[in-house]
Amino acid sequence: MRVGLGYDVHQLVEGRKLIIGGVEIEHEKGLLGHSDADVLIHAIMDSILGAMALGDIGKHFPDTDMQYKDISSMELLRRVKETMDEKGYEIVNIDGTIAAERPKLAPHIDSMRENIARVLNTGVENINVKATTTEKLGFVGREEGMSSYSTCLIKKIDKL
C-alpha cells in the first residue's frame, strides 16, 4: 500500500466557469488556470502521482504545453488512471477537502464523488469529498481563490 498527499490552489476571477470535481457550479467567478482549473481534481491527481512516486501534475501536464490549454481536468484524471493501470495500482480510497468561502458546495458533492469514482473505475464508497470555509481568513476567506487537499491510498493489484 502507498499513500499520497496532494494540494492545489487557484485564483477566482470573473469570466471563467467554476468547475469543481467535474461539476460546473453556478457562481459569478471561476478558477483561473491553464486547464479548466478544477482545484479538487488537481489535488487528487497530485495525491495519486505522489503515491506512485511520479512527481506532480506540472511534470506530467505542464502549463507551458498548449495541448493542455482549457483541457478538462477529468480528462487529465483519466490519463493519471491510465498510468496507474500501467504501473499495476488501484485506488483503495481518496479523501478530498475543498476550501471555499462561497458558493455552498454541499449540494454538488455527491455528483463530484460519482464523477471521480467513474473515471478512476472504483466504487463511490471509496471516494470522499468534503467542503469547508476558512472562517473568512486568508485568501480563501477573502474569496480571492480556492484550495483543495487530497489524500489517497493505492495498492498494487494482485496478478494471478
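It should be noted that the structure appears before, not after, this text.
Residues numbered from 1 in each chain as written. Predicted model: local features only at pLDDT ≥ 70, side-chain atom pairs only at ≥ 80, totals over all residues. Heavy atoms only, no water.

**Q** Which residues make up the sheet that holds strand β7 (residues 145–156), and what values do they have?
**A** What the five strands build is an open sheet, ordered β4-β1-β7-β5-β6; its pairing is mixed. Single-partner strands in this sheet number two, and they are β4 (30–31) and β6 (127–132). Alignment of strand β5 (residues 89–99) against β6, held across six bridges, turns out to be parallel. By the bridge assignment, Ile 98 is partnered in β6 with Ala 131. Contacts from helix α1 (residues 39–51) reach β1 (2–13), β4, β5, β6 and β7, with the element oriented near 155° to β1. Against the sheet, helix α3 (residues 73–87) contacts β5 and β7, and its axis sits at roughly 150° relative to β5. (Pairing = 2+ DSSP bridges. Helix = DSSP H or I, 4+ residues; strand = E, 2+ residues; numbered from the N terminus. Contact = heavy atoms within 4.5 Å. Axes fitted to C-alpha atoms, helices over the stretch in contact; angles between N-to-C directions.)

**Q** Quick rundown of a nonpolar patch on the surface? Include the residues and the values.
**A** On the surface, Tyr 7, Val 9, Phe 139 and Tyr 149 cluster together to form a nonpolar patch covering roughly 350 Å² of accessible area. If you trace the backbone, Tyr 149 turns up in strand β7. For Tyr 149, a relative accessible area of 42% gives the class partly exposed. (Patch = residues over 30% accessible without salt bridge, like charges linked within 9 Å, V, L, I, M, F, W, Y side chains within 5 Å. Areas by Shrake-Rupley, 256 points an atom, 1.4 Å probe, with all protein chains shown as cover. Salt bridge = Lys/Arg side-chain N within 4 Å of Asp/Glu carboxyl O. Buried < 20%, exposed > 50% of the residue type's maximum accessible area, 1.4 Å probe, protein only.)

**Q** Account for the packing of α3 against helix α4 (residues 109–120), naming residues and giving values.
**A** It is at 9 Å that the axes of α3 and α4 come closest, and there the two elements cross at 35°. In this structure, α3 crosses over α4, and the sense of that crossing is right-handed. The residues of α4 that touch α3, namely those facing Met 74, Leu 77, Arg 78 and Lys 81, are Asn 115, Ile 116, Val 119 and Leu 120. Residues of the contact of α3 with α4, tallied by class, amount to five nonpolar, one polar and two charged. (Left-handed = near helix turned anticlockwise from the far one by under 90°. Nonpolar A, V, L, I, M, F, W, Y, C, P; charged D, E, K, R; others polar.)

**Q** An account of the layout of surface pockets is needed here, citing residue identities and associated values.
**A** Approximately 230 Å³ is the volume found for the largest pocket. Around the largest pocket sit His 10, Gly 33, His 34, Ser 35, His 42, Ile 57, Gly 58, Phe 61, Pro 62, Asp 63, Tyr 68 and Leu 76, which together line it. Looking at the lining of the largest pocket residue by residue, the classes come out as five nonpolar, six polar and one charged. (1 Å grid on protein atoms, 1.4 Å probe; cavity = no way out; pocket = protein on both sides within 12 Å on 5 of 7 lines; lining within 4 Å. Points joined across faces, edges and corners; volume = space filled by probe spheres on them.)

**Q** Explain the pairing of β7 to me, and be specific about the residues and the numbers.
**A** Here β1 pairs with β7 via 10 bridges, running antiparallel. Residue pairing across strands places Leu 5 opposite Thr 151, the latter belonging to β7. Taken together, the 10 bridges between β5 and β7 define a ladder with antiparallel strand orientation. When the bridges of β7 are listed, Gly 96 appears paired with Ser 150.

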